[in-house]
Amino acid sequence: MSQDNRQVFLLPDLGEGLTEAELLNWLVAVGDEIRVDQPIAEVETAKSMVEVPSPFAGTVAELHGEAGQTMDVGKPLISVDRVAAVGGAAADVPAAETPAPDAGPKAEHDSAETYRDEERAGTRAPAEAEESSGSGNVLIGYGTPEGGAKGRRRARKNGAAAATAVVETPAESPAVKPSAPEQADTAPNAVRVVSPLVRKLARDGGVRIADLTGTGPEGLILRADVEAALSAPAGNASGSSAAAGTDAAATGEVDEKSGLGVAKRTPIKGLRKTVATNLSRSRSEIPEATVWVDVDATALLEMRAELKKRTPDAVPGLLAFIARFVTAGLEKYPELNTRVVSTEGGQDIMSFDGVNLGFAAQTDRGLMVPSIRHAEKLSARELDAEIRRLTAVAREGKASPAELTSGTFTLNNYGVFGVDGSAAIINYPEVAILGVGRIIDKPWVVHGELAVRKVTELTLTFDHRVCDGGTAGGFLRYVADAIESPGSVLADL
């Protein structure tokens, strides 16, 4: 195939300024015919796990990378030859996706760059949208143009690589669009898998998804199907992938300092690399201080129990009530809802018109901190709904970069792990984090008499550059008082 007919798709920025992504799995092979918007690879960034759709239609000429490799943004991901029409001329494909016939390497690069620049937001101007051929699907700040019915696509020839079965889903839900099978699964009918997390679960457990029978709609393979295969006898889960780390025991490697054999090496990359970087910057750049207080949460628990009797299905969780108290406290002590930014003359303390309340969510990929935008405008019920929604999308690997990076203050409920307190590290570049410990029965003095009460510990870690102990203590005491007397505080909110 002439190089004039070859298009090179560069790995786009799948987040907000991310510079690299790990290639988890190819969904196509060299020689496959692909169409615009067909998922071609699964990649994992520091933010999410996503499927990357192709902006080009044609035949896969080259795959620029191997599974497990970390690839730089802006480097070639895949090369595609345009499908040849009768007489040897290139087939008609949308102009927005194909360089001119005499274009050459520079035009290929320009085409890919134009695609990245125009489609990063997943939208185009109306006139351009009418002429484009993409689905409008957006994956983590990146997608193809709308107007799929307008595009012209070539039918696949007999004898080509295995056909791809795609179940169409609404454009606003691109993450649940079944995609092409893994490269190793080359059965005539494509394996139907919704989530890249399901594929990863199967891959890590050594389960070949082509051997599974899906129990979902139209044979869709669900997480439960993979988990059933992993728990089944006869060694279905054998051959587990070493994607999480390299087994060094077989190599006989010995650590020089301890003299012990090395069991495994696990690269710090992806989400763990981002977390490590932010935590290191927090410790090295922020002069932090910590204050804490024990709180009698009995009244809050009693109030919630009473509400549950009246409306069992519409009672916010305890974290939602505490989140409401936090946003009210930040209104009184706005110094804790700021950020220190560097300027040519030194540093500024930047305040915000609103609160993006982050909360720590434990996921299979590690600790994530999605944030509720303008949390100060939401009631406890609305906060509860957002906490549940964001927790779900974070655990599924579908949280957007904006949801994971836009927080201005973090609330951490580490009590769910059965601990009382923690000297938490501030979620850089924020200036404070409030931790909530477990609620347990403790002896407590009430009106001069000893009683058993439901007690928790609140811990506030703050940046001493933005405020002193008086402000930090005032905020912590406000939240504690709100938990101890929730009725009076909520009446004023």
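Predicted model only: the values in this text are computed from it and were never measured.

Asks: Run through the overall build of the protein, naming residues and quoting values.
Replies: Of the regular secondary structure elements, the protein holds 11 helices and 21 strands. Burial analysis of the protein (493 residues in total) assigns 45% to the buried set. Nonlocal contacts in the protein, meaning residues at least 24 apart in sequence, comprise 60% of its contacts between residues at least 6 apart.

Asks: Can you explain the pairing of strand β20 (residues 440-446)? Please cite residues and give values.
Replies: Note: β20 against strand β21 (residues 449-463), 7 bridges, orientation antiparallel. When the bridges of β21 are listed, K442 appears paired with R453. Following β20, the chain reverses through 2 residues before pairing antiparallel with β21; H447 in that reversal takes a positive phi of roughly 55 degrees.

Asks: Tell me about the sheet that holds strand β4 (residues 39-44), residues and numbers included.
Replies: Strands in a sheet are paired, the pairing made by backbone hydrogen bonds, and the direction either parallel or antiparallel. Read from one edge to the other, the open sheet built from 4 strands follows the order β5-β4-β2-β7, with strand pairing classed as antiparallel. This sheet does not close on itself; its edge strands, each paired only once, are β5 (49-53) and β7 (70-72). Taken over all neighbouring pairs, the strand axes of this sheet differ in orientation by 45 degrees on average, direction set aside. Taken together, the 4 bridges between strand β2 (residues 20-26) and β4 define a ladder with antiparallel strand orientation. Directly across from W26, in β4, lies its bridge partner A41.

Asks: Summarise the nonpolar core; cite the residues concerned and give the values.
Replies: With 53 residues, the main nonpolar core has V326, F409, L434 and L458 as its most contacted residues. Of all hydrophobic cores here, the second largest spans 19 residues; its members include L11, A41, V52 and V80.

Asks: Before we move on, can you summarise the packing of aromatic side chains with the specific residues and values?
Replies: Given two aromatic rings, one states the distance between the centres and the angle between the planes to describe the pair. As enumerated under the stated definition, the model contains 2 aromatic pairs in all. For the pair F9 and F56, a centre-to-centre distance of 6.4 Å together with 85 degrees between the ring planes defines the contact as edge-to-face. Here F9 is found in strand β1 (residues 6-10), whereas its partner F56 is found in the loop between β5 and β6 (58-63), with 47 residues between them in sequence. The residues F9 and F56 share a single accessibility class, namely buried. Look at F409 and F475: their rings are 5.6 Å apart centre to centre, the planes differ by 65 degrees, and that puts the pair in the edge-to-face class. Placement of F409 in strand β18 (residues 409-412) and of F475 in helix α10 (residues 469-484) is noted, with a sequence separation of 66 residues between them.

Asks: Residues and numbers for helix α7 (residues 318-332), please.
Replies: Under the 1.5 Å per step criterion, the end-to-end length of α7 is 22 Å for 15 residues, consistent within 8% with the ideal 21 Å. Summarising burial for α7: 12 of the 15 residues are buried, a large majority. For α7, the complete set of buried residues consists of L319, A320, F321, I322, A323, R324, F325, V326, T327, A328, G329 and L330.

Asks: How would you sum up the environment of E386? Please name residues and give values.
Replies: Relative to the elements of secondary structure, E386 occurs in helix α8 (residues 380-395). Placed 16 residues apart in sequence, E386 and P370 show a C-alpha to C-alpha distance of 10.0 Å. Setting aside chain neighbours within four positions, we find E386 in contact with I372 and L378. Polar contacts involving the side chain of E386 include one to the side chain of R389, which spans 2.9 Å.

Asks: Can you break down the sheet that holds β6 residue by residue, with the values?
Replies: Spatially, 4 strands are ordered β1-β8-β6-β3 in an open sheet, and the strand pairing comes out antiparallel. Each of the sheet's edge strands pairs with one partner strand only, and the pair in question is β1 and β3 (33-34). Across 4 bridges, the pairing between β6 and strand β8 (residues 76-81) is antiparallel. Across the sheet, V60 pairs through a bridge with V80, a residue of β8.

Asks: Now, about the side chain of T410: what can you tell me, with residues and values included?
Replies: With respect to the secondary-structure elements, T410 resides in strand β18. Classification of T410 by relative accessible area gives buried; the value is 1%. Setting aside residues no more than four positions away along its own chain, T410 makes contact with G358, V369, N427, E430, A432, I433 and L434.

Asks: Residues and numbers for the environment of S422, please.
Replies: Secondary-structure assignment places S422 in the loop between β18 and β19 (432-436). Taking C-alpha positions, S422 is 7.1 Å from T459, a pair spaced 37 residues apart along the chain. Each residue touching S422, except ones within four places of it in the same chain, is listed here: Y414 and T459.

Asks: Could you give me a rundown of the side chain of E22, with the residues and numbers involved?
Replies: As for its position among the elements, E22 is in strand β2. The exposure class assigned to E22 is buried, which follows from its relative accessible area of 12%. Excluding anything up to four places from it in sequence, E22 contacts E42, V43, E44, G68, Q69, T70 and K269.

Asks: Lay out helix α4 (residues 223-231) in plain terms, naming residues and giving numbers.
Replies: Turning to α4, its buried residues are D225, V226 and A229. Seen end-on, α4 carries its buried residues on one side only, within an arc spanning 95 degrees.

Asks: Describe the environment of S258, listing the residues and the values that go with them.
Replies: Turning to its location among the elements, S258 is positioned in the loop between β9 (246-247) and β10 (264-265). Accessibility expressed as a relative area gives 43% for S258, which makes it partly exposed. Within the structure, S258 has its side chain in polar contact with the side chain of D255 (distance 2.7 Å). Polar side-chain contacts of S258 include one of 3.2 Å to the backbone nitrogen of L260.

Asks: Would you mind going over unusual backbone geometry in detail, with residue names and values included?
Replies: In this chain, Y428 is followed by P429 through a cis amide linkage whose omega measures 10 degrees. Take P429: it is sitting in the loop between β18 and β19. A positive phi is found at D37, a non-glycine position, where the angle reads about 80 degrees. Locating D37 in the fold gives a position in the loop between β3 and β4.

Asks: Could you give me a rundown of the pairing of β6, with the residues and numbers involved?
Replies: Note: β3 against β6, 2 bridges, orientation antiparallel. By the bridge assignment, E33 is partnered in β6 with T59.

Asks: How would you sum up the packing of helix α6 (residues 298-310) against α7? Please name residues and give values.
Replies: Remark: α6 packs on α7, axes separated minimally by 11 Å, with the N-to-C direction vectors making an angle of 120 degrees. With respect to α7, the element α6 is oriented oblique. Crossing angle aside, the handedness with which α6 passes α7 is right-handed. On α7, the residues touching L300, L301, M303, R304 and L307 of α6 are L318, F321 and F325. A breakdown of the residues in the contact of α6 with α7 according to their chemical character gives 7 nonpolar, no polar and 1 charged.

Definitions and cut-offs
- Residues numbered from 1 in each chain as written.
- Predicted model: local features only at pLDDT ≥ 70, side-chain atom pairs only at ≥ 80, totals over all residues.
- Heavy atoms only, no water.
- Helix = DSSP H or I, 4+ residues; strand = E, 2+ residues; numbered from the N terminus.
- Buried < 20%, exposed > 50% of the residue type's maximum accessible area, 1.4 Å probe, protein only.
- Contact = heavy atoms within 4.5 Å.
- Pairing = 2+ DSSP bridges.
- Axes fitted to C-alpha atoms, helices over the stretch in contact; angles between N-to-C directions.
- Core = buried A, V, L, I, M, F, W, Y, C linked by side-chain atoms within 4.5 Å.
- Phe/Tyr/Trp six-rings, centres within 6.5 Å; stacked < 30°, edge-to-face > 60°.
- Expected span 1.5 Å × (residues − 1).
- Polar contact = N/O pair within 3.5 Å; in protein donor to acceptor, adjacent residues only side chain to side chain.
- Arc of directions from axis to C-beta.
- Parallel < 35°, antiparallel > 145°, perpendicular 65-115°, else oblique.
- Left-handed = near helix turned anticlockwise from the far one by under 90°.
- Nonpolar A, V, L, I, M, F, W, Y, C, P; charged D, E, K, R; others polar.

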